[in-house]
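Breakdown of the fold
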Amino acid sequence: MSNISSPKPYSGTLFFDVNETLLSTTELNHAVAQRLGNRPERAEAWFTSLLHHSLVESVTGSWHSFGDIAEAVLKMTAARYGVTLPAHPTPLADIIAAMPAHPDVAAGLTALKQQSFTLVALTNSSAALAEKQLSSAGLGPLFTRILSVEEVQIYKPDLRVYQWAMEEMGKPVSECMMVAAHGWDVGGAKRAGMKTAFVSRHGQVPYPLAPAPDLIVSDIQALAAQLKLPG
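Just so it is clear, the structure is predicted and the values come from calculations on it, not from any experiment. (Residues numbered from 1 in each chain as written. Predicted model: local features only at pLDDT ≥ 70, side-chain atom pairs only at ≥ 80, totals over all residues. Heavy atoms only, no water.)

With that out of the way, let us pick up the overall build of the protein chain. When helices and strands are counted, the protein chain shows 9 helices and 7 strands. Here the C-alpha radius of gyration of the protein chain, 17 Å, is about what a compact globule of 231 residues would show, namely 17 Å. With the principal axes as the frame, the protein chain shows a C-alpha extent of 60 × 35 × 30 Å. Taking contacts inside the protein chain between residues at least 6 apart in sequence as the whole, the part at least 24 apart equals 64%. (Helix = DSSP H or I, 4+ residues; strand = E, 2+ residues; numbered from the N terminus. Rg over C-alpha atoms; globule rule 2.2 N^0.38 Å. Contact = heavy atoms within 4.5 Å.)

F15, F16, W46, L109, L112 and F143 are the most contacted members of the largest nonpolar core, which totals 71 residues. Residues in contact with L112, not counting those within four places in the same chain, are L14, F16, F117, L119, I220, L223, A224 and L227. (Core = buried A, V, L, I, M, F, W, Y, C linked by side-chain atoms within 4.5 Å. Buried < 20%, exposed > 50% of the residue type's maximum accessible area, 1.4 Å probe, protein only.)

Packing of helix α5 (residues 105-114) against helix α9 (residues 220-227) leaves a shortest axis separation of 7 Å and a crossing angle of 20°. Relative to α9, the element α5 is oriented roughly parallel. Judged by the twist between their axes, the crossing of α5 over α9 is left-handed. Across the interface between the two elements, V105, A107, G108, L109, A111 and L112 from α5 touch I220, Q221, L223, A224 and L227 from α9. Of the residues that constitute the contact of α5 with α9, the class distribution is 9 nonpolar, 2 polar and no charged. (Axes fitted to C-alpha atoms, helices over the stretch in contact; angles between N-to-C directions. Parallel < 35°, antiparallel > 145°, perpendicular 65-115°, else oblique. Left-handed = near helix turned anticlockwise from the far one by under 90°. Nonpolar A, V, L, I, M, F, W, Y, C, P; charged D, E, K, R; others polar.)

Take the environment of V186 next. Assignment of secondary structure puts V186 in helix α8 (residues 183-191). Relative accessible area serves as the criterion here: at 5%, V186 is assigned to the buried category. Apart from residues lying up to four places away in sequence, V186 is in contact with M178, A180, T196, A197 and F198.

Another point: the side chain of S54. As for its placement among the helices and strands, S54 is situated in helix α2 (residues 40-59). Among the polar contacts made by the side chain of S54, one reaches the main-chain carbonyl oxygen of L51 at a distance of 2.7 Å. In contact with S54, not counting residues within four places along its chain, are F66, I69 and Y155. (Polar contact = N/O pair within 3.5 Å; in protein donor to acceptor, adjacent residues only side chain to side chain.)

With that settled, the discussion passes to α9. Among all positions in α9, only I220, A222, L223, A224 and L227 are buried. At its buried positions, α9 is contacted by β2 (13-16), α5, β5 (176-180), β6 (195-199) and β7 (215-217). Put simply, D219 is the residue that caps the front of α9, since its side-chain oxygen is 3.2 Å from the backbone nitrogen of Q221.

Turning next to the pattern of salt bridges. Tallying each qualifying case throughout the model produces 7 salt bridges. Close ionic contact of R201 with D104 constitutes a salt bridge, the shortest N to O distance being 2.8 Å. Here R201, found in the loop between β6 and β7, pairs with D104, found in the loop between α4 (92-97) and α5; they are 97 residues apart in sequence, far enough to count as distant. Across the pair, exposure class does not vary: R201 and D104 are buried alike. Ionic pairing is found between R160 and D158, a salt bridge with its closest N-O pair at 2.8 Å. Residue R160 is classed as partly exposed on the basis of its relative accessible area, which comes to 45%. Via salt bridges that share partners, D17, K156 and D185 belong to a single interconnected network. (Salt bridge = Lys/Arg side-chain N within 4 Å of Asp/Glu carboxyl O.)

On to the packing of aromatic side chains. All told, the structure shown has 4 aromatic pairs when counted by the stated rule. Ring centres of W46 and F47 lie 6.3 Å apart, and the angle between their planes is 50°; on these two criteria the pair is classed as tilted. The class for W46 is buried, based on a relative accessible area of 0%. Taking the centre distance of 4.7 Å and the plane angle of 20° together, the rings of W63 and Y155 count as stacked. (Phe/Tyr/Trp six-rings, centres within 6.5 Å; stacked < 30°, edge-to-face > 60°.)

As structure tokens, this is what we get:
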């Protein structure tokens, strides 16, 4: 765990990315890799392409749910590698809905809530899927709101998503922090004026050309320790 800028103690509203930041994608990656010829690197290519095509939707003014894009991109990735997908597989949305929380998350979020932070989920998943995810992981009661980009039909990291989220919560930008394990997510939030905390999950690093995050932490418990107010 390390500080980028040793910020002053912070109090306010914390917006959390869900997938990978709070919930482990290990089983999802394993399932996708199996469908793509038991090749883990193809699962990575699938996820990168999923993010790419969600942004294509935003830029071109189109809209499909994140789950629908995930399935479409899986078909594209299979075709790219000449793989035949299973005839009746478990829908990816069902796998995503059951992803478990990282071991540090429940304790970290509980500590933050006890420190009087308002916790908000801000996710590219649909609202229904996000509610299933957080409920399945036992995290639902810790959040004041679950905000899905489907409300504005624009995907993160479009700056309008963060601006909308702050407006939904009725909070000034000075009282808002985005917490995510993706460099593109914290980069977008930072450019929208929010404070940011980057969670350095395995394999994740900040984007060097984005504004530096205010904090870099190893996990959510470390974030709670960093943000703990004196007294």
